[in-house]
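Spelled out from the first residue to the last, the chains are:
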Amino acid sequence: MTQPVTIIMIEDDEGHARLIERNIRRSGVNNEIISFANGTDAVKHLFGADGSGLPQKGNALLILLDLNLPDMSGIDILKQIKENKYLKASPVVVLTTTDDSQEIKRCYELGCNVYITKPVNYENFANAIRQLGLFFSVIQVPPAAP
């Protein structure tokens, strides 16, 4: 039996976080969403007190990652996730306002699975997130390494 996927959302803009969660729910995704407003708390949760990532062993995670965080770079978090033996198979969706081609290329090189630029217009943003929710409802996510 497959384990339910937990969505980890790392988004410092409270309005964006609410919009993302609401529109994921509207698309029919009812998975648990654990939200973090900064990188420090997210990293503590993902990697545990010792930084090993062992607390996530066997968990199926899907990570929504904003790149522009108040305390650290989302790129650094992405790099840590993809270098960790327990977390590297977890899909990472970068969801950010940055559409710089060099940054997009760097994220893919570091192992992000999907890079989405947040539309400026509210309705377009909401629609993009609903489509992302539909995507979440059909993808397969492996559990973290045993």
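Residues numbered from 1 in each chain as written. Predicted model: local features only at pLDDT ≥ 70, side-chain atom pairs only at ≥ 80, totals over all residues. Heavy atoms only, no water.

**Student:** Explanation requested: the pairing of strand S1 (residues 6-10) in the structure shown.
**Tutor:** It is a general feature of regular strands that their side chains alternate between the two faces of the sheet. A large share of S1 lies buried, amounting to 5 of its 5 residues. Burial of S1 is two-sided: the residues Thr6, Ile8 and Ile10 facing one way and the residues Ile7 and Met9 facing the other way are all buried. The pairing of S1 with strand S2 (residues 33-36) spans 4 bridges and is parallel. Across the sheet, the residue bridging to isoleucine 7 is isoleucine 33, located in S2. The β-α-β motif built from S1, the intervening helix H1 (residues 14-26) and the parallel element S2 has right-handed crossover chirality. (Buried < 20%, exposed > 50% of the residue type's maximum accessible area, 1.4 Å probe, protein only. Helix = DSSP H or I, 4+ residues; strand = E, 2+ residues; numbered from the N terminus. Pairing = 2+ DSSP bridges. Right-handed = clockwise from strand over helix to strand, strands pointing away.)

**Student:** Where do I start with the sheet that holds strand S5 (residues 114-117) in this structure?
**Tutor:** Strands belonging to one sheet form pairs held by backbone hydrogen bonds; the direction of such a pair is parallel or antiparallel. Within the open sheet, the 5 strands sit side by side as S2-S1-S3-S4-S5. Their pairing is parallel. Of all strands in the sheet, those bounded by a partner on one side alone are S2 and S5. Going from strand to strand, the sheet's axes swing by 15° on average, the running direction of each strand aside. Direction of pairing for strand S4 (residues 92-96) relative to S5: parallel, over a ladder of 4 bridges. Among the inter-strand pairings, threonine 96 is bridged to a residue of S5, identified as threonine 117. Across the sheet, helix H4 (residues 101-110) touches S4 and S5, and the angle it forms with S5 is around 155°. (Axes fitted to C-alpha atoms, helices over the stretch in contact; angles between N-to-C directions. Contact = heavy atoms within 4.5 Å.)

**Student:** Can you walk me through the nonpolar core in this structure?
**Tutor:** In globular proteins that are soluble, nonpolar side chains generally tend to be buried together. Counting residues in each nonpolar core, the largest one holds 22 residues, and the members touching the most others are Ile10, Leu46, Ile63, Ile81 and Cys107. Apart from the residues lying within four places of it in its own chain, the contact partners of isoleucine 63 are Ile8, Ile10, Leu46, Ile81, Ser90, Pro91, Val92 and Val93. Among the nonpolar cores identified, the runner-up in size contains 21 residues, and Ile7, Ala17, Leu19 and Ala126 belong to it. (Core = buried A, V, L, I, M, F, W, Y, C linked by side-chain atoms within 4.5 Å.)

**Student:** Mind showing me how you'd approach the side chain of threonine 6 here?
**Tutor:** In this structure, threonine 6 sits in strand S1. By relative accessible area, threonine 6 is classed as buried at 15%. When near neighbours in sequence (up to four residues on either side) are disregarded, threonine 6 contacts Glu32, Ile34, Ala60, Leu61 and Leu62.

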